[in-house]
Amino acid sequence: MAGIHIEALSQREIDAIRDASLVILRDTGVIVRHDEMLRLLGEAGARIDENCKIACLPERLVMECVELAGKRYVLHGRDGKRVARFGYGDLVLMSSPGQYAWIDWRTGQRRPATIQDTRDAIRLGDALDNITIVGAMAQPESVSEQCRDVVLTAELVKATDKPTRCWVRNGATARHILEIYRTLAGGEAALRTHPMVEAFLEPISPLQLPKDGLDIVREFVRAGQPVSIGPMAMTAGTAPGTLAGTLAQENAEILAGIVVTQLLGSGTPVTYGGIPHVMDPRTGICSFGSPEQGLMAAAMVQIARSYGFPVYINVGLTDAKLPDAQAGAEKAATLLMGVLAGADMFGHCGICGTDHAASLLWLAFDDELMSYVRRIARGFVVDDERLATDVVRSVGPAGNFLAEEHTVRHFREAIWTPSAVWTRQPYDLWRSDGAGSFAERLSRTVERVLETHEAKPLDEAMAREIDRIVESALGKAGELV
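Q: Please give an account of the packing of aromatic side chains that cites residues and values.
A: Inspection of the entire model under this criterion finds nine aromatic pairs. Both rings, one in Phe365 and one in Phe438, keep their centres 5.3 Å apart while their planes meet at 70°; by these two values the pair is edge-to-face. Here the residue Phe365 occupies a position in helix α12 (residues 360-378), and Phe438 occupies one in helix α17 (residues 438-452), the gap between them amounting to 73 residues. Given a relative accessible area of 6%, Phe365 falls into the buried group. Here the aromatic cluster, defined as three or more aromatic residues joined through ring pairs, consists of Trp362, Phe365, Tyr372, Trp416, Trp422 and Phe438. Positioned above the aromatic ring of Tyr88, the side-chain terminus of Arg72 is 4.3 Å from the ring centre.

See the structure below:
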C-alpha cells in the first residue's frame with residue numbers, strides 16, 4: 001500500500017522559507033518581554049537591544065537549539081493506558097481548551113459558558129472515540145479568572161482518564177496545575193518519566209514572545225513537560241500579505257520559541273504548531289475555513305518535518321455558525337489536507353466559527369468527521385488475497401459475493417461503517433424515520449452520551465488531594481494576578 005500523501009511545497013521552496021526565517025531572526029529579531037529570557041539569549045550569543053527588548057538570533061544558535069530539542073513524546077492519561085503520542089504517526093484530536101461563549105446544543109442560542117458546560121464537555125470528550133486529548137471546552141465566567149485554569153484542570157482530571165488540556169493563565173497558576181499532575185502521576189520523578197500535560201506558547205505576531213507565556217513555559221520545562229509552540233500569524237494583518245511571507249514569519253516565531261525552550265531545558269520535547277490564518281479582506285477578521293488555511297497547514301507540516309518535529313495544525317475548522325454545507329465543506333477539505341500532509345495533531349475541536357463559541361454539537365461533528373477522514377488516510381491494500389481472482393472465478397458471471405467467506409473475512413477492513421449520525425437509508429425510510437438532518441442526528445448522539453456515559457472515577461483519596469490544591473489556589477487568588 002503506497003499511502004496517500006500531499007505536498008504544498010517543493011524542497012527548494014521549503015529551503016527558501018527556512019532561509020528567510022533565519023534572516024528575519026538575525027536582522028529583525030523578536031521582542032522578548034521577559035528579562036530572564038533576554039539574559040539567557042544574550043549569554044547564548046543573541047544580540048540584545050535592552051531598550052526595545054529585541055533579541056536578534058544568529059543562525060548558529062537557532063539551528064543548535066533545533067537539533068537539541070526532543071522530537072517525540074507521549075502524554076499520558078491518569079490510568080496510563082490512554083495516551084497521546086507525538087512524532088509516531090498517530091492522528092491526535094483535541095477538544096478545545098476553552099471558549100468564553102457557548103452554543104447550547106438544545107436551543108442553538110449563544111450564551112456565556114458555565115461550569116456545567118465544562119462538565120458536559122468532559123463527559124462527551126471522554127466518550128468520543130476520536131478525541132484523544134480532552135479539553136475544558138468552556139471558560140465559565142462564574143469561576144474567578146485568576147485561578148479558573150486550576151479549577152478546570154481539576155474538573156478535567158477527575159472526570160476523564162484521557163490526557164487533558166486547558167488554557168494556563170500564568171506562571172503562578174501553572175505551579176498549581178503542575179502540582180495536580182504530580183499528584184496524579186505519583187510524584188515529580190514519575191511526572192518527568194511519564195508526562196501528562198504540555199505547555200502551549202503562543203508567540204504574538206508579528207515577532208513577540210509574551211511574558212506570561214514564557215513564565216508558563218519555564219514552569220513546565222522545569223517540571224520536565226513538553227512544549228507546543230503555535231503563533232497565529234494572519235496573512236495581510238499580523239503577517240505579510242502573501243502566503244510565503246506569512247509562512248516565513250510564522251516559522252521564525254516558532255524557531256524563536258524553540259530556542260527559548262532549549263535554553264531553559266536542553267532536550268525539552270517540542271511540537272511545532274504551524275497555525276497561521278488569513279485575514280478576510282471584507283470583514284477584517286481572521287478566517288478559520290479558507291482554502292488558504294488548508295494550503296498553509298500542508299506547507300507548515302512540510303517545514304516542521306524538515307526539522308524533524310511533530311506538527312500541530314489548525315484544520316477541520318470553519319467560519320460557519322451552523323453545522324451546514326459551508327461547515328462541512330470547509331472542515332472536511334482542510335482536515336483532509338492536514339491528515340494527508342502528515343500532521344500529528346488537529347484542532348481545536350468543538351469550536352463554532354472563528355472562536356465565536358464552543359458547542360457539544362460541534363464537538364460531536366468533529367469526532368464524526370475524523371472517523372471519515374481516518375478511513376481515507378488508511379488507504380487500501382492490493383495483494384493476491386485482496387485481488388480475489390479465485391473468488392471471482394468461483395462466483396462467476398451473474399453471481400453475487402454476499403455469502404462468500406472471502407467477503408466475510410474482508411468487508412469490515414475494506415468498507416467504513418459509519419455511525420447512525422450518517423444517513424445511507426433509502427429515501428422513503430429516511431422520510432419515515434423523521435427526515436432528520438445531520439445536525440439533528442448529532443444532537444441525539446450528544447443527548448445519548450450525556451444520559452448514559454460514565455467516566456472511570458478518580459480514586460477518592462486522590463480526588464481529595466486535588467481538591468486541596470484547588471482550595472489553596474482559590475485562597476491565593478489575589479496573589480495569582
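Picking up where we left off.
Q: So what's going on with the sheet that holds strand β17 (residues 286-287)? Residues and values would help.
A: Whenever strands of a sheet pair, they do so through backbone hydrogen bonds, lying parallel or antiparallel. Read across the open sheet, the three strands follow the order β14-β16-β17; overall the sheet is mixed. The sheet is open, and its two borders are formed by β14 (234-235) and β17, each paired with just one other strand. Taken together, the two bridges between strand β16 (residues 277-279) and β17 define a ladder with antiparallel strand orientation. Looking across to β17, one finds that Val278 is bridged to Ser287. Running over the sheet, helix α10 (residues 291-307) touches β14, β16 and β17 and is turned about 145° from β16.

Q: Before we move on, could you go through the sheet that holds strand β2 (residues 47-49) and cite the residues and values that matter?
A: The strand order β2-β3-β1-β12 describes an open sheet built from four strands, whose pairing is mixed. Either end of the sheet is taken by a strand with one partner, and the two such strands are β2 and β12 (208-209). Note that strand β1 (residues 30-32) and strand β3 (residues 54-56) share two bridges and pair antiparallel. Residue pairing across strands places Val30 opposite Ala55, the latter belonging to β3.

Q: Give a detailed account of the pairing of strand β4 (residues 73-76), specifying residues and quantitative values.
A: Side-chain alternation along β4 places Tyr73 and Leu75 on one buried face and Val74 and His76 on a second face that is also buried. Between β4 and strand β5 (residues 83-86), which follow one another and run antiparallel, lie six residues, and Gly80 among them has a positive phi close to 80°.

Q: Which residues make up the nonpolar core, and what are the values?
A: The nonpolar side chains of a soluble globular protein tend to be buried, and buried together. In terms of nonpolar packing, the biggest core is built from 124 residues, with Val32, Leu57, Ile180, Tyr272, Phe346 and Leu360 touching the most fellow members. Apart from the residues lying within four places of it in its own chain, the contact partners of Val32 are Met37, Leu38, Leu41, Lys53, Ala55, Leu209 and Leu214. Counting residues in each nonpolar core, the second largest holds eleven residues, with Tyr73, Ala84, Phe200 and Tyr312 among its members.

Q: Any details on the packing of helix α6 (residues 171-185) against helix α8 (residues 211-222)? Residues and values, ideally.
A: Packing of α6 against α8 leaves a shortest axis separation of 8 Å and a crossing angle of 30°. When the axis of α6 is compared with that of α8, the two are roughly parallel. Relative to α8, α6 is oriented so that their crossing is right-handed. Taking contact as the criterion, the partners of Gly171, Ala174, Arg175 and Leu178 in α6 are, on α8, Asp215, Ile216, Glu219 and Phe220. Partitioned by chemical class, the residues of the contact of α6 with α8 number four nonpolar, one polar and three charged.

About the thresholds
- Residues numbered from 1 in each chain as written.
- Predicted model: local features only at pLDDT ≥ 70, side-chain atom pairs only at ≥ 80, totals over all residues.
- Heavy atoms only, no water.
- Phe/Tyr/Trp six-rings, centres within 6.5 Å; stacked < 30°, edge-to-face > 60°.
- Helix = DSSP H or I, 4+ residues; strand = E, 2+ residues; numbered from the N terminus.
- Buried < 20%, exposed > 50% of the residue type's maximum accessible area, 1.4 Å probe, protein only.
- Lys NZ or Arg CZ within 6 Å of the ring centre and 35° of its normal.
- Pairing = 2+ DSSP bridges.
- Contact = heavy atoms within 4.5 Å.
- Axes fitted to C-alpha atoms, helices over the stretch in contact; angles between N-to-C directions.
- Core = buried A, V, L, I, M, F, W, Y, C linked by side-chain atoms within 4.5 Å.
- Parallel < 35°, antiparallel > 145°, perpendicular 65-115°, else oblique.
- Left-handed = near helix turned anticlockwise from the far one by under 90°.
- Nonpolar A, V, L, I, M, F, W, Y, C, P; charged D, E, K, R; others polar.

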